[in-house]
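# Summary of the model geometry
Residues per chain are reported as follows:
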Amino acid sequence: MNTRGDASTVEQAAEAFAAEVAYWREVRGLSKRDLARRMGFDPSYVSHVESGRHKPTEDFARRSEEILNAGKGIWKRWLDYEVAKNRTAPAAAPPAPRRAEQPYATGSAIVVEHDAARLDYDGDQYRLTMRRLLRNTGSEPITRYLIRISVDRYPGEPERSNAHYRGHPLTWGELALTATCRGEEMRWQAKHDRDAFKEVWLLFENGHGRFPLYPGESVWIEYAYSVGEEKWGRWFQRAVRLPTEYLEVELAFPAELDPAVWGTETSMTAEAAPLRTAPIRREEGGMRVFSWSTSTPALHARYRLEWRFRARPERHTTQGEFR
């Protein structure tokens with residue numbers, strides 16, 4: 001048995017679990033202390049889990065999933081951790097197996113060579129356009145790619161936000177999701193469909209045929225969707241879930257609103273801090289565009305851009321994010 005490799009896999013699964021918890025905690029606008037209090041734990045416990053000092057437990061996974069309403073994201077990371085941990089258990093007394101759904105087939109591996117997001121706001125609605133240059137570094141063809149859409153109306157108030165989306169769920173009709181690859185329309189399948197959270201498989205196929213991403217190949221994919229202001233908000237967060245070589249973000253707002261933009265970054269080992277470089281501003285046909293980029297971002301790093309419109313009275317603070 002390759003115990004060293006197995007141990008590495010267990011540690012990676014634990015890190016992925018911690019990153020998932022940290023991601024959803026930030027999405028919901030909660031501090032570590034706030035989350036611990038809501039879960040009934042000591043104030044330092046969440047910090048210890050996120051830093052890796054405490055390993056994941058089933059009780060922690062269930063409670064954090066429920067409080068953060070993470071669309072089963074935290075629970076799936078827990079199952080991944082259990083599967084990895086069980087591989088190292090003695091053969092004579094194996095624990096009860098848990099099956100975790102893996103995002104891609106065995107032998108698949110994806111590197112994001114270029115990740116470009118542009119968020120356009122017209123005064124009423126946001127339209128997000130994502131372009132990604134994907135490279136298959138594995139040994140098997142890749143036939144689908146997983147994306148997530150998640151929004152939060154009231155940051156720091158998960159109960160209120162959940163109630164809002166129960167009455168005003170995010171719908172596929174309003175999202176108007178489209179996806180293309182090599183000039184071909186990509187089919188898509190909903191994996192999870194909740195009031196404020198969607199997971200979607202983009203398929204490398206359509207009614208005319210299939211176009212898998214083969215080992216060694218790179219290809220651009222593009223997808224876009226819309227969200228009304230009442231369900232989005234004034235911040236946009238990116239989470240680095242796959243090895244990424246270059247990441248860039250553009251935010252485009254009507255210049256007449258006099259927008260101001262700032263941002264923070266968070267890693268597995270550090271609390272939120274200001275972006276190391278400031279967003280660059282330019283004027284573009286009545287729009288004010290802010291751009292920001294970074295090379296080789298760390299895995300599980302999170303980058304968040306926030307804004308306000310100085311020429312318009314502040315409405316109730318809202319929040320929206322994508323990863």
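Quick look at the structure, then. Predicted model, so just to flag it, every value in this text is computed and none were measured.

### Things to note about the packing of aromatic side chains
- Scanning all chains against the criterion turns up 20 aromatic pairs.
- With a centroid separation of 6.1 Å and 50 degrees between ring planes, the pair formed by Tyr 126 and Trp 307 is classed as tilted. With Tyr 126 in strand β2 (residues 125-136) and Trp 307 in strand β17 (residues 302-309), this pair connects stretches of sequence that are 181 residues apart. In terms of burial, Tyr 126 and Trp 307 fall into one category: buried.
- Residues Trp 292 and Tyr 303 carry aromatic rings whose centres are separated by 5.1 Å and whose planes lie at 45 degrees to one another, so their mutual orientation is tilted. Here the residue Trp 292 occupies a position in strand β16 (residues 287-295), and Tyr 303 occupies one in strand β17, the gap between them amounting to eleven residues. Taken as a pair, Trp 292 and Tyr 303 share a single burial class, namely buried.
- Within the aromatic cluster, the residues linked to one another by ring pairs are Tyr 121, Tyr 126, Trp 232, Phe 236, Phe 253, Phe 290, Trp 307 and Phe 309.
- A cation over an aromatic ring shows up here: Arg 131 above the ring of Trp 220, its NZ or CZ 4.1 Å from the ring centre.

### Some points on the sheet that holds β17
- If you walk across this open sheet you meet the four strands as β11-β17-β13-β14, and the pairing is antiparallel. At either end of the open sheet lies a strand with only one pairing partner, and these are β11 (235-239) and β14 (273-274).
- Taken together, the eight bridges between strand β13 (residues 259-266) and β17 define a ladder with antiparallel strand orientation. Note that in β17 the partner of Glu 265 across the bridge is Tyr 303.

### Here we look at the pairing of strand β3 (residues 144-152)
- In terms of residue burial, β3 counts as a mostly covered element, since eight of its nine residues are buried.
- Bridge count between β3 and strand β7 (residues 197-203): seven bridges; the pairing is antiparallel. Opposite Ser 150, over in β7, you have Phe 197 as the bridge partner.

### Here's the deal with helix α4 (residues 58-68)
- Buried within α4 we find Phe 60, Ala 61, Ser 64, Glu 65, Ile 67 and Leu 68.
- Phi turns positive one or two residues past the end of α4, at Asn 69, with a value near 50 degrees.

### A short note on the nonpolar core
- In terms of nonpolar packing, the biggest core is built from 49 residues, with Phe 204, Ile 221, Trp 232, Phe 236, Leu 251, Phe 253 and Trp 307 touching the most fellow members.
- Ranked by size, the runner-up nonpolar core spans 29 residues in total, among them Ala 13, Val 21, Phe 41 and Ile 67.

### Focus: the packing of α4 against helix α5 (residues 73-86)
- Close contact between α4 and α5 brings their axes to 8 Å; oriented N to C, the two are set at 160 degrees. Accordingly, the angle class assigned to the pair α4 and α5 is roughly antiparallel. Helix-helix and strand crossings are classified by hand; for α4 and α5 the assignment is right-handed. Counted together, Glu 58, Ala 61, Arg 62, Ser 64, Glu 65 and Leu 68 of α4 and Gly 73, Ile 74, Trp 75 and Trp 78 of α5 form the full contact between these two elements.

### A closer look at the packing of helix α2 (residues 32-39) against α4
- At a minimum axis separation of 10 Å, α2 and α4 run at an interaxial angle of 110 degrees. Our classification of the angle between α2 and α4 gives roughly perpendicular. Contacts between α2 and α4 involve Leu 35, Arg 38 and Met 39 on the former and, on the latter, Phe 60, Arg 63, Ser 64, Ile 67 and Leu 68.
- Split by residue class, the contact of α2 with α4 holds five nonpolar, one polar and two charged.

### Some words on the pattern of salt bridges
- If you walk through the whole model with that rule in mind, you get 37 salt bridges.
- One salt bridge in this structure joins Glu 205 and Arg 187, with 3.5 Å as the shortest N-O distance. One end of the pair, Glu 205, is in strand β8 (residues 205-206); the other, Arg 187, is in the loop between β5 (184-185) and β6 (188-193), with 18 residues separating them in the sequence.
- By relative accessible area, Glu 205 is classed as buried at 19%.
- Notably, a salt bridge pairs Asp 193 with Lys 198, separated by 2.3 Å at the nearest N-O pair.
- Overall, Asp 193 belongs to the partly exposed group, its relative accessible area being 47%.
- Judged by its relative accessible area of 2%, Lys 198 falls in the buried class.
- Overlapping salt bridges, with partners in common, bring together Glu 20, Arg 77, Arg 148, Lys 191, Glu 199 and Arg 241 in one network.

Thresholds applied
- Residues numbered from 1 in each chain as written.
- Predicted model: local features only at pLDDT ≥ 70, side-chain atom pairs only at ≥ 80, totals over all residues.
- Heavy atoms only, no water.
- Phe/Tyr/Trp six-rings, centres within 6.5 Å; stacked < 30°, edge-to-face > 60°.
- Helix = DSSP H or I, 4+ residues; strand = E, 2+ residues; numbered from the N terminus.
- Buried < 20%, exposed > 50% of the residue type's maximum accessible area, 1.4 Å probe, protein only.
- Lys NZ or Arg CZ within 6 Å of the ring centre and 35° of its normal.
- Pairing = 2+ DSSP bridges.
- Core = buried A, V, L, I, M, F, W, Y, C linked by side-chain atoms within 4.5 Å.
- Axes fitted to C-alpha atoms, helices over the stretch in contact; angles between N-to-C directions.
- Parallel < 35°, antiparallel > 145°, perpendicular 65-115°, else oblique.
- Left-handed = near helix turned anticlockwise from the far one by under 90°.
- Contact = heavy atoms within 4.5 Å.
- Nonpolar A, V, L, I, M, F, W, Y, C, P; charged D, E, K, R; others polar.
- Salt bridge = Lys/Arg side-chain N within 4 Å of Asp/Glu carboxyl O.

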